[in-house]
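# Understanding the architecture of this molecule
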Amino acid sequence: MDWVALVDVYRYANRMAVGTTIFALSSGPGKAGVAVIRVSGPAVRELMHTMASPEIGDRRAAFRRIVHPTTNALLDRAVVVFFAGPNSETGEDVVEFQVHGGRAVVRAVLDALATVPDCRMADPGEFARRAFDHGKLNLVEVESLADLVDAETDAQRHFALQSGSQLSTLYEGWRTRLIEIAALTEAAIDFSDEGDVSASSFEAARERAQPLADDLARHLNDGHRGEILRDGFRVVLVGAPNAGKSSLLNALARRDAAIVSEEAGTTRDVIEVGLDLEGYPVIVTDTAGIRETEGAIEREGIRRTLAAARAADLNVWLSETGLDSPPSEISRETLLAVRTKIDLESAAGAGSDLAISAKTGAGLAELTGEIARRAKRAMTSSDDPAAMPAVAQARHRGLVESASQSLQDFLIGSADDLELRAEDVRRAAHALGRITGRVDVEDVLGTIFSRFCIGK
Ligand SMILES: Nc1nc2c(ncn2[C@@H]2O[C@H](COP(=O)(O)OP(=O)(O)OP(=O)(O)O)[C@@H](O)[C@H]2O)c(=O)[nH]1
Ligand SMILES: [Mg+2]
């Protein structure tokens, strides 16, 4: 092998070891005052040297001429901020170019970065991925970061900000308790030829497992409020044809989202509008009016109405007279009866919780207030200070449920099959570990064991 080939092999090996550098436009696309281009990886220092010299210290910002790394052409004048790894967001060297937010400027800087060896455009989520790989964020924190970026209402923002650290602490704490339970169970196996020691060790394990199982159950029994908060509180407008459902939807949305006409049976399909009611995300659905009909299309519409009503967190039953009652398919607990068209002379009212006019706006503030109150109740915990934080993601719920199941198996399974009980605990710990992305259960067990071996 000649030396050129050797150098190539060396370079290649080095590159694989060092890894690539990634860059991306971190601020929103389109024209803006400032655009932030973030770069992370081993090439950052070299790239700053060629594109934005002189050198900038760790956690320092400086105003610099940004030039093309090969042609030296001026690209922009911008603020450059440097974060030396590992004390950066990704754990690697990171530089941020805060350039002028015009499309051509952004394009020029991105194109220039692409010419740097081992430097490429980041894949979606790759910065967060690197932060996870370097132990900067666990999976729960990564997910809450994504929720924060997606948050559209104040309550969502607040929940995303809180849940990351709160839930990480909760799940990690549970996992630590499980590891202790696992260690006690394994000790019971180790000492199985000394009946008393074994039995009392297993007894101690179960004593610790019961309160943990209770905690998991309390966490799961949260009325799905975290998930409702992420996905929106589902309000479905139901009623007879012509009750004024589409008119109400349009009044709430403040635009003509649905067709309104005096013809009964206008709406055939479900139409959804997302609203921010006093900071709470609410999805309002307009539906086809419910009545006996021969028309196949309308019948399909009504079938969809009932399906939407069953999935609703709240069904607003609209009625012009307040006299007709909702079909039995709609659960009474989710029902709010509202009389409509109260601006009309003929309006006679009875038996409703609220009364509105989509035309004049009368009663709408009361209705949105009531919906917001119910949404808030569904999404926030009681005032109990000891209340468990809510489950934030369906992924977490599935894993907590499976941990809870394994823990139940541990609690009710036979004490004669210690190996199986140890497996129950291991499974529970594994499920919880997968929530935060820590699955090195065996390693931790190893450390705990070294403390447990009492001279045997
Ligand atoms: N005066 C008055 N008329 C209203 C009010 N709300 C709705 N209407 C009228 O009632 C008729 C039916 O309204 P829609 O909103 O289409 O009723 P809908 O419940 O969606 O009807 P379908 O889609 O057919 O089930 C239209 O002519 C509306 O202009 C109101 O508050 N006051
Ligand atoms: Mg309609």
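The notes below deal with the structure included here.

Moving on, we come to the overall build of the protein. Tallying secondary structure elements over the protein gives 14 helices and twelve strands in all. A burial count over the protein gives 37% of its 456 residues as buried. Residue pairs in contact within the protein that sit at least 24 positions apart in sequence constitute 59% of those at least 6 positions apart.

A separate point is helix α12 (residues 394-412). Counted at 1.5 Å a residue, the expected span for α12 with its 19 residues is 27 Å, and the 27 Å between its end C-alpha atoms agrees. Taken together, the buried positions of α12 are occupied by His396, Leu399, Val400, Ala403, Ser404, Ser406, Leu407 and Phe410. All buried residues of α12 lie within an arc of 165° about the axis, which places them on one face of the element. Close packing links the buried residues of α12 with α7 (195-220) and α13 (418-436).

Take the site of ligand 1 next. Surrounding ligand 1, one finds 24 residues, the nearest of these being Gly244, Ser246, Ser247, Thr267 and Gly289. The residue makeup of the shell around ligand 1, split by class, is seven nonpolar, twelve polar and five charged.

This part covers the pairing of strand β2 (residues 34-40). The buried fraction of β2 amounts to five of the seven residues, a majority that puts the element mostly inside the structure. With four bridges joining them, strand β1 (residues 21-25) and β2 adopt antiparallel strand pairing. For Ala24, the partnering residue across the bridge sits in β2 and is Arg38. Where β2 lies against strand β5 (residues 94-100), seven bridges are found, and the strand directions are antiparallel. Within β5, the position partnered with Ile37 by the bridge is Phe97.

The next point concerns the nonpolar core. Membership of the largest hydrophobic core comes to 37 residues, with the highest contact counts inside it found for Val235, Leu237, Val238, Val282 and Val316. Looking at this core, the elements that each hand over two or more residues are α6 (154-190), β7 (233-239), α9 (245-253), β8 (271-277), β9 (280-286), α10 (296-311), β10 (314-319) and α11 (364-379). Among the elements that make up this core, the one with the highest residue count is β7 (five residues). Each of domain 2 (149-222 + 389-452) and domain 3 (233-379) accounts for three or more of the residues forming this core. Leaving out residues up to four positions away in the same chain, Leu237 has contacts with Lys245, Leu248, Leu249, Val284, Thr285, Asp286, Thr287, Val316 and Leu318. Counting residues in hydrophobic clusters, the runner-up holds 34 residues, among them Leu167, Ala188, Leu407 and Leu418.

Relative orientation of the contacting elements α6 and α7 amounts to 160°, with a least axis distance of 8 Å. Classified by the angle between their axes, α6 and α7 sit roughly antiparallel to one another. By crossing handedness, the relation of α6 to α7 is classed as left-handed. In this structure, α6 uses Trp174, Arg177, Leu178, Glu180, Ile181, Leu184, Thr185, Ala187 and Ala188 to contact α7, whose residues at the interface are Ser198, Ser201, Phe202, Ala204, Ala205, Arg208, Ala209, Leu212 and Asp215. Taken together, the residues that form the contact of α6 with α7 break down as eleven nonpolar, three polar and four charged.

So, on to the packing of helix α5 (residues 139-150) against α6. Two elements in contact, α5 and α6, have axes whose closest approach is 8 Å; the angle formed by their N-to-C orientations is 175°. The orientation of α5 with respect to α6, classified from their angle, is roughly antiparallel. Contacts from Val140, Glu141, Ser144, Leu145, Asp147 and Leu148 in α5 reach Arg157, Ala160, Leu161, Ser163, Gly164, Leu167, Ser168 and Tyr171 in α6. By residue class, the composition of the contact of α5 with α6 is seven nonpolar, four polar and three charged.

All right, on to helix α4 (residues 126-133) then. Restricting attention to buried positions, one finds in α4 the residues Phe127, Ala128, Arg130 and Ala131. Within α4, the buried residues cover an arc of 160° as seen down the axis, which keeps them to one side. Its buried side turned inward, α4 meets β2 and α5. Among the residues trailing α4, Gly135 stands out with phi positive, at a value near 75°.

What follows deals with the environment of Arg103. Mapping Arg103 onto the fold places it in helix α3 (residues 103-114). By the C-beta count within 10 Å, which is 12 here, Arg103 ends up exposed. Arg103 sits 71 residues away from Ala32 along the chain, and the two C-alpha atoms are 8.7 Å apart.

Read across the open sheet, the six strands follow the order β8-β9-β7-β10-β11-β12; overall the sheet is mixed. Every other strand in the sheet has two partners, leaving β8 and β12 (354-355) as the edge strands with one partner each. Where β8 meets β9, seven bridges bridge the pair, whose relative direction is antiparallel. Within β9, the residue paired with Asp276 across the bridge is Pro281. Packing against the sheet, α11 makes contact with β7, β8, β9, β10, β11 (335-339) and β12, and its axis sits at approximately 120° to β9.

Spatially, six strands are ordered β3-β4-β5-β2-β1-β6 in an open sheet, and the strand pairing comes out mixed. At either margin of the open sheet sits one strand with a lone partner, and together these are β3 (60-67) and β6 (119-121). Neighbour-to-neighbour, the strand axes of the sheet open up by a mean angle of 25°, direction not taken into account.

Calculation notes
- Along each chain, numbering runs from 1 in the same order as the chain's sequence is written.
- Labels are handed out in written order, letters beginning with A for the chains and numbers beginning with 1 for the ligands.
- In keeping with the model being predicted, local features are shown solely for residues with a pLDDT of at least 70 and side-chain atom pairs are shown and tallied solely at 80 or more, while totals for entire chains, interfaces and linings include all residues.
- Helix and strand definitions follow DSSP, with helices as H or I runs of at least four residues and strands as E runs of at least two, each counted in order from the N terminus.
- Whether a residue is buried, exposed or partly exposed is read from the other C-beta atoms within 10 Å of its own C-beta, which are placed from the backbone; 20 or more gives buried, 12 or fewer gives exposed, and intermediate counts give partly exposed.
- Once C-beta atoms have been placed from the backbone, residue pairs whose C-beta atoms lie within 7 Å are recorded as contacts.
- By definition here, a helix of n residues has an expected span of 1.5 Å times n minus one.
- The directions from the helix axis to the C-beta atoms form the arc being described.
- Whether a residue is near a molecule or strand depends on its C-beta atom, generated from backbone atoms, being within 6 Å of that molecule or strand.
- The nonpolar class holds Ala, Val, Leu, Ile, Met, Phe, Trp, Tyr, Cys and Pro. Asp, Glu, Lys and Arg form the charged class, and all remaining residues, Gly among them, are polar.
- By this definition, two strands are paired if DSSP reports at least two bridges between them.
- A set of buried residues drawn from Ala, Val, Leu, Ile, Met, Phe, Trp, Tyr and Cys, joined through C-beta atoms within 7 Å, is what defines a nonpolar core.
- Residue ranges labeled as domains rest on an automatic or database domain assignment.
- Here an axis means a line fitted to C-alpha atoms, over the contact stretch when the element is a helix, while the angle between two N-to-C directions is reported on a 0 to 180 degree scale.
- If an angle is under 35 degrees, it is roughly parallel; if it is over 145, roughly antiparallel; if it lies from 65 to 115, roughly perpendicular; otherwise it is oblique.
- Two helices crossing with the near one rotated counterclockwise from the far one by less than a right angle form a left-handed crossing, whereas a clockwise rotation gives a right-handed crossing.

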